[in-house]
Amino acid sequence: MNTRVQQDATGAGQPSALGPQPLIEVEKLEAWYGRRRILNGIDFRVDAGEIRVIMGGSGSGKSTLLRHLLGLQKPRSGTVRLLGVDLGRASEREMLALRRQIGVSFQGGALLTSLSVGDNVALPLREHTDLDENTIRIMSRLKLEVVNLGGFQDLMPSQLSGGMIKRAALARAIVMDPKLLFFDEPSAGLDPVVSAELDELILRLRDALRMTIVVVTHELESAFKIADTITVLDQGDILMTGTVDAVRRADHERIQDLLNRRPREIAVDADAYLRRLTEEQAA
């Protein structure tokens with residue numbers, strides 16, 4: 001069985017000789033945790049204006065790839081470029097300037113519990129701009145309106161529902177009008193109705209604010225609704241990058257396992273397991 005699927009006929013994921021440069025370029029990226037390789041020399045790119053979904057099962061390497069894209073983890077091998085900046089070689093000043101151009105909405109929201117919703121949203125403006133307080137207040141409330149939380153600026157995070165926390169975190173992520181928005185598991189822990197509302201909000205953000213959005217998720221319904229392009233990861237390899245229809249039609253066995261929730265057969269080799277334990281202790 002082939003380990004990879006060819007790209008969709010649209011050429012998704014392939015560099016173009018013409019047109020603008022991609023906002024994200026990853027080449028031959030490897031990642032290791034100790035002696036275990038997590039990413040196996042992957043290539044990945046995202047063009048301006050698209051919603052790219054990174055999809056895969058648990059342990060596929062999604063979170064590790066995201067950490068590299070955010071510059072939280074340096075490449076051990078290969079390169080990662082964001083907005084033309086090589087993250088492996090960037091200085092602290094270059095990374096600070098870059099982070100002012102990206103927004104991140106974390107899976108659990110990551111709101112500061114000691115601050116009100118409005119102050120959470122305003123925090124990036126206070127930290128990274130010289131705007132006066134009145135302008136900061138207006139801008140943060142405008143972004144709360146964008147995510148349908150107008151009038152909730154004085155509440156504390158403990159007073160919000162799960163869906164409201166996600167939207168408040170999104171308002172903070174977009175308050176500085178980033179070129180790139182990263183969204184980690186937007187539907188995690190939400191009921192289907194709230195999840196669908198968040199999907200619609202992501203689509204509106206792309207269209208209204210012309211953002212390029214990267215979403216990491218394992219929720220198939222959400223991925224198929226919002227994605228322009230899907231990258232399927234499995235055990236550190238990119239199985240394919242293509243349109244929603246191309247992913248649905250893929251004849252790769254592992255992709256179909258993911259789409260149809262089929263468990264993978266796990267073979268246990270007791271001798272290999274004991275040998276690995278011995279090697280790890282010796283190291």
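Residues numbered from 1 in each chain as written. Predicted model: local features only at pLDDT ≥ 70, side-chain atom pairs only at ≥ 80, totals over all residues. Heavy atoms only, no water.

1. Observations regarding the side chain of R52
Phase 1: In this structure, R52 sits in strand β3 (residues 51–55).
Phase 2: At 3.4 Å, the side chain of R52 and the side chain of E50 are in polar contact.
Phase 3: With near-sequence residues (within four places) excluded, R52 lies in contact with F44, R45, V46, I213, V214, V215, T229, I230, T231 and T241. (Helix = DSSP H or I, 4+ residues; strand = E, 2+ residues; numbered from the N terminus. Polar contact = N/O pair within 3.5 Å; in protein donor to acceptor, adjacent residues only side chain to side chain. Contact = heavy atoms within 4.5 Å.)

2. With respect to the sheet that holds strand β7 (residues 180–184)
Phase 1: Strand order across the open sheet formed by six strands is β6-β7-β8-β3-β9-β10, with mixed pairing between neighbours. Every other strand in the sheet has two partners, leaving β6 (102–105) and β10 (237–242) as the edge strands with one partner each. Within this sheet the neighbouring strands show an average axis-to-axis angle of 15°, counted without direction.
Phase 2: Pairing between β3 and strand β9 (residues 229–234): four bridges, direction parallel. (Pairing = 2+ DSSP bridges. Axes fitted to C-alpha atoms, helices over the stretch in contact; angles between N-to-C directions.)

3. Structural notes on the sheet that holds strand β5 (residues 85–86)
Phase 1: Strand order in the open sheet made by the four strands is β2-β1-β4-β5, with antiparallel pairing throughout. Across the chains shown, the open sheet's two edge strands, defined by having one partner strand only, are β2 (36–46) and β5.
Phase 2: Pairing of strand β4 (residues 77–82) with β5, which is carried by two bridges, proceeds in the antiparallel orientation. Residue pairing for β5: R81 is matched across the bridge by D86.
Phase 3: Contacts between helix α1 (residues 62–69) and the sheet are confined to β1 (24–33), β2 and β4, with β1 contributing the most and set at about 120° to the helix.

4. A word on the layout of surface pockets
Phase 1: Put simply, the largest pocket is a space of about 510 Å³.
Phase 2: Among the secondary structure elements, those contributing two or more residues to the lining of the largest pocket are α2 (92–99), β6, α3 (117–128) and α5 (162–174).
Phase 3: In terms of residues, the lining of the largest pocket owes the most to one element, α3, which gives four residues.
Phase 4: A per-class count over the lining of the largest pocket returns 14 nonpolar, two polar and four charged. (1 Å grid on protein atoms, 1.4 Å probe; cavity = no way out; pocket = protein on both sides within 12 Å on 5 of 7 lines; lining within 4 Å. Points joined across faces, edges and corners; volume = space filled by probe spheres on them. Nonpolar A, V, L, I, M, F, W, Y, C, P; charged D, E, K, R; others polar.)

These figures come from the coordinates and say nothing about function on their own.
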